[in-house]
Amino acid sequence: MSALKDRLTADMRTALKSRDEVTTSTLRMALAAVGNAEVAGAEKRELTDDEVLAVLTREAKKRREAATAFADAGRSEQAAKERAEGEVLDRYLPRQLGDAELADVVAGALSAGGFTGRGQLGPAMKAAQAAVAGRAEGGRVAAEVRRQLGG
């Protein structure tokens, strides 16, 4: 079992004992998503910490998007619940890069790979995503790569 999954389980038990309903339900949902990812595919397998992190990142993104949708629809109570769940998940995610830090990391990845033009967008994106390593959302990384490649 991955160390991150162990930590999620232990933290959920602690939240359950302290009657922290938001944390308990959020971690229960996250562990269910991890379990679903483990059984997806031909056979059940244990996820690595990086794979568990990817699942948590997807779940956190879903919470942010749902909070925005609920807020736009005037459902502030539901939006607040989604934001609270997102904050619980954020505790387990690496610190997100700021815009300046992201620009620096992407610039380094592009120069290391020798990427200079729009024709190399695919390989440049792959290199940039590897350099960022989950510390920024894919859309932000893609926008920065496109900006630095000139268009």
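Given the structure is predicted, the values throughout are model-derived calculations rather than measurements. (Residues numbered from 1 in each chain as written. Predicted model: local features only at pLDDT ≥ 70, side-chain atom pairs only at ≥ 80, totals over all residues. Heavy atoms only, no water.)

Caption draft 1: Quick peek at the overall build of the protein. Of regular secondary structure, the protein possesses seven helices and zero strands. Written out in order from the N terminus, the α and β elements of the protein read α-α-α-α-α-α-α. Within the protein, the proportion of its 151 residues that are buried is 32%. The long-range share in the protein, meaning contacts at least 24 apart out of those at least 6 apart in sequence, stands at 62%. Looking at the protein as shown, the accessible area adds up to about 8,700 Å², and 53% of this sits on carbon and sulfur atoms. In the protein, 24 side chains carry a positive charge and 23 a negative one; their mean positions are 2 Å apart. (Helix = DSSP H or I, 4+ residues; strand = E, 2+ residues; numbered from the N terminus. Buried < 20%, exposed > 50% of the residue type's maximum accessible area, 1.4 Å probe, protein only. Contact = heavy atoms within 4.5 Å. Areas by Shrake-Rupley, 256 points an atom, 1.4 Å probe, with all protein chains shown as cover. Lys, Arg positive; Asp, Glu negative; His and termini not counted. Charge placed at Lys NZ, Arg CZ, Asp CG, Glu CD.)

Caption draft 2: Seen up close, the packing of helix H6 (residues 121-132) against helix H7 (residues 138-148). Between H6 and H7, the least distance of the axes is 10 Å, while the angle of their chain directions is 130°. Overall, the two elements H6 and H7 adopt an arrangement that is oblique. The chirality of how H6 crosses H7 is right-handed. Facing Leu 121, Ala 124, Met 125, Ala 128, Gln 129 and Val 132 of H6, the residues of H7 in contact are Gly 138, Val 141, Ala 142, Val 145 and Arg 146. By residue class, the composition of the contact of H6 with H7 is eight nonpolar, two polar and one charged. (Axes fitted to C-alpha atoms, helices over the stretch in contact; angles between N-to-C directions. Parallel < 35°, antiparallel > 145°, perpendicular 65-115°, else oblique. Left-handed = near helix turned anticlockwise from the far one by under 90°. Nonpolar A, V, L, I, M, F, W, Y, C, P; charged D, E, K, R; others polar.)

Caption draft 3: Highlighting the environment of Ala 37. Structurally, Ala 37 is set in helix H2 (residues 21-39). The class for Ala 37 is partly exposed, based on a relative accessible area of 22%. When the C-alpha atoms of Ala 37 and Leu 47 are compared, they prove to be 7.9 Å apart, with ten residues separating the residues in sequence. Not counting the four nearest positions on each side in its chain, Ala 37 is found in contact with Leu 47 and Val 55.

Caption draft 4: Highlighting the nonpolar core. With 17 residues, the main nonpolar core has Leu 8, Leu 27, Val 52, Leu 56 and Tyr 92 as its most contacted residues. Of all the secondary structure elements, the ones that give two or more residues to this core are helix H1 (3-17), H2, helix H3 (49-72) and helix H4 (76-90). Here this core takes five residues from H2, the largest share from any one element. When near neighbours in sequence (up to four residues on either side) are disregarded, Tyr 92 contacts Leu 4, Arg 7, Leu 8, Asp 11, Leu 27, Leu 53 and Leu 56. Among the nonpolar cores identified, the runner-up in size contains 14 residues, and Leu 97, Leu 102, Val 106 and Ala 128 belong to it. (Core = buried A, V, L, I, M, F, W, Y, C linked by side-chain atoms within 4.5 Å.)

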